[in-house]
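# What the coordinates show
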Amino acid sequence: MTARLSLDGVTKRFGTTEAVRNVSLTLHDGEFMALLGASGCGKSTTLRLLAGLEAPSAGRVLLNGRDVTRDSAAARNIALMFQSYALYPHLTVFQNIALPLRMRGLSAVQRLPGTALVSPVVRKRQAQIKAQVSQVAEMLRLGDLLARKPGQLSGGQQQRVALARALVREPSAFLLDEPLSNLDTQLRADTRDEIRALHRRTGYPFLLVTHDQSDALSMADRIAVMIAGEIVQVGSPKEIFHRPQSIAVAEFIGHHRINLLPPGPAGRLHPAGTRLWIGIRPEDLRLSPEGALAATVESRAFHGEETILKLRDDAGTALRIVLRGGETLPNPGDTVRLAANPAALHGFGADGRREDIPA
Ligand SMILES: Nc1ncnc2c1ncn2[C@@H]1O[C@H](COP(=O)(O)OP(=O)(O)OP(=O)(O)O)[C@@H](O)[C@H]1O
């Protein structure tokens, strides 16, 4: 795969705040990458550095292998979409989408009303713009809405107009900053599909910034996990979920927070001879009379399709287990035994890094 857009050892400081620390990251041709991290970890700054809206304090930005660190955002032609759609309310959908083409393809004088009547050049260019807008509008199912103003559109439709406006520019890459955060659950699911489909149809490299792991896990080919200004792991959604490279990533990923058992004697869930922290996801633990780990139930919460038990093991460690079957549920105060498939255990050394658990 060809590298399209990269950060090479980039650091960005705002006064004494180091928002982005020595980040190297490559977005390849045609791939869909998610930049995932908690609020304030430096995701938006990373996008702005890529797009050319911020200059790095150190390091380089590369576009198609060329150093563009000092190039303007306009020269890079990278589409950057924000949480808010930033459409012009007084312009129609057609005019909003056509705007970047008009700015690029017509001079200030040629953009004046009426010039098409007297100039064949302007007429020809306007016909081209109309064709380009129609093609993109069709792709995003906006064909019937071209005469409306943004105020007459739903949130999802406004979002599609913003995508269309970015798309007509034929950008080098698409950077999307939390595009789903203003949407309700159903619209969010539809827009996820929309963005994925747009990516497939256009083949542009996409980088999606999100704090929502479900968005990242469900949409991206690769995920870059960012914590406190640093990229701590890059991998496929399955790798990130099943093989987190550190306790920090393991705790960040997963619908339910992973259980962590401190190093302890063999037995319990610890294999013989290890001094590792053992991570086990709440959905990977099960109740079993022969289970190696004894624990007391502290609370039980029914959530419809699943029940969450909070427990404490005999070494005092708090644990959670998610039950989805129809088993008889223990009550608070009961002592139970827990078992886990050895393949579901994650081992971490004292420095928090992943280590293989000896067989
Ligand atoms: N222009 C700025 N001046 C000073 N500090 C800034 C500036 N922009 C960002 N920061 C700081 O840099 C850090 C990273 O901010 P950034 O907006 O990149 O995070 P984020 O991960 O995108 O957060 P969110 O998900 O909340 O948007 C924060 O501590 C923020 O306060």
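Treat the numbers as computed from the prediction; the structure is a model and nothing was measured. (Residues numbered from 1 in each chain as written. Predicted model: local features only at pLDDT ≥ 70, side-chain atom pairs only at ≥ 80, totals over all residues.)

### Things to note about helix 7 (residues 185–202)
If you check helix 7, its first and last C-alpha atoms are 26 Å apart, about what 18 residues at 1.5 Å a residue would give, namely 26 Å. Considered for burial, the residues of helix 7 that qualify are T191, I195 and H199. The buried residues of helix 7 occupy an angular sector of 75 degrees when projected down its axis, which confines them to one face. Opposite the buried face of helix 7, at more than 90 degrees from it, the exposed residues are Q186, D190, D193, A197, R200 and R201. Backbone geometry just after helix 7 places G203 at a positive phi near 75 degrees. (Helix = DSSP H or I, 4+ residues; strand = E, 2+ residues; numbered from the N terminus. Expected span 1.5 Å × (residues − 1). Buried ≥ 20, exposed ≤ 12 C-beta atoms within 10 Å, placed from the backbone. Arc of directions from axis to C-beta.)

### Focus on the pairing of strand 15 (residues 307–313)
Note: strand 14 (residues 293–302) against strand 15, 7 bridges, orientation antiparallel. Among the inter-strand pairings, T296 is bridged to a residue of strand 15, identified as R312. Linkage of strand 14 to strand 15, two consecutive antiparallel strands, is achieved through a turn of 4 residues, within which G304 is found at a positive phi near 90 degrees. Looking at chain direction, strand 15 and strand 16 (residues 318–323) are connected through 6 bridges and run antiparallel. Opposite T307, over in strand 16, you have L323 as the bridge partner. A loop of 4 residues connects strand 15 with strand 16, the two strands running antiparallel in sequence, and G316 in this loop sits at a positive phi of about 90 degrees. (Pairing = 2+ DSSP bridges.)

### A closer look at unusual backbone geometry
Residue N77 is not a glycine yet carries a positive backbone phi of 50 degrees. Along the chain, N77 falls in the loop between helix 2 (73–76) and strand 6 (79–81). Among the residues examined, N77 registers 17 C-beta atoms within 10 Å and is labelled partly exposed. One non-glycine residue, E170, lies in positive phi territory at about 50 degrees. With respect to the element layout, E170 can be found in the loop between helix 6 (155–168) and strand 7 (174–177). For E170, a count of 14 C-beta atoms within 10 Å gives the class partly exposed.

### Points about the domain arrangement of the chain
Segmenting the chain into domains produces domain 1 (3–246) and domain 2 (255–355). Inter-centroid distance (C-alpha atoms) of domain 1 to domain 2 is 42 Å. (Domains from an automatic or database assignment.)

### A short note on helix 5 (residues 120–139)
For helix 5, with 20 residues, the first-to-last C-alpha span of 29 Å sits near the 28 Å given by 1.5 Å per residue. For helix 5, every residue scored as buried is listed here: V122, I129, V133, V136 and A137. Here the buried residues of helix 5 occupy an arc of 100 degrees about the axis, which is enough to place them on one side. Seen from the open side of helix 5, the exposed residues pointing more than 90 degrees away from its buried face are P120, K124, A127, Q128, A131, Q135 and E138. Residue R141 follows helix 5 closely and has a positive phi angle near 55 degrees.

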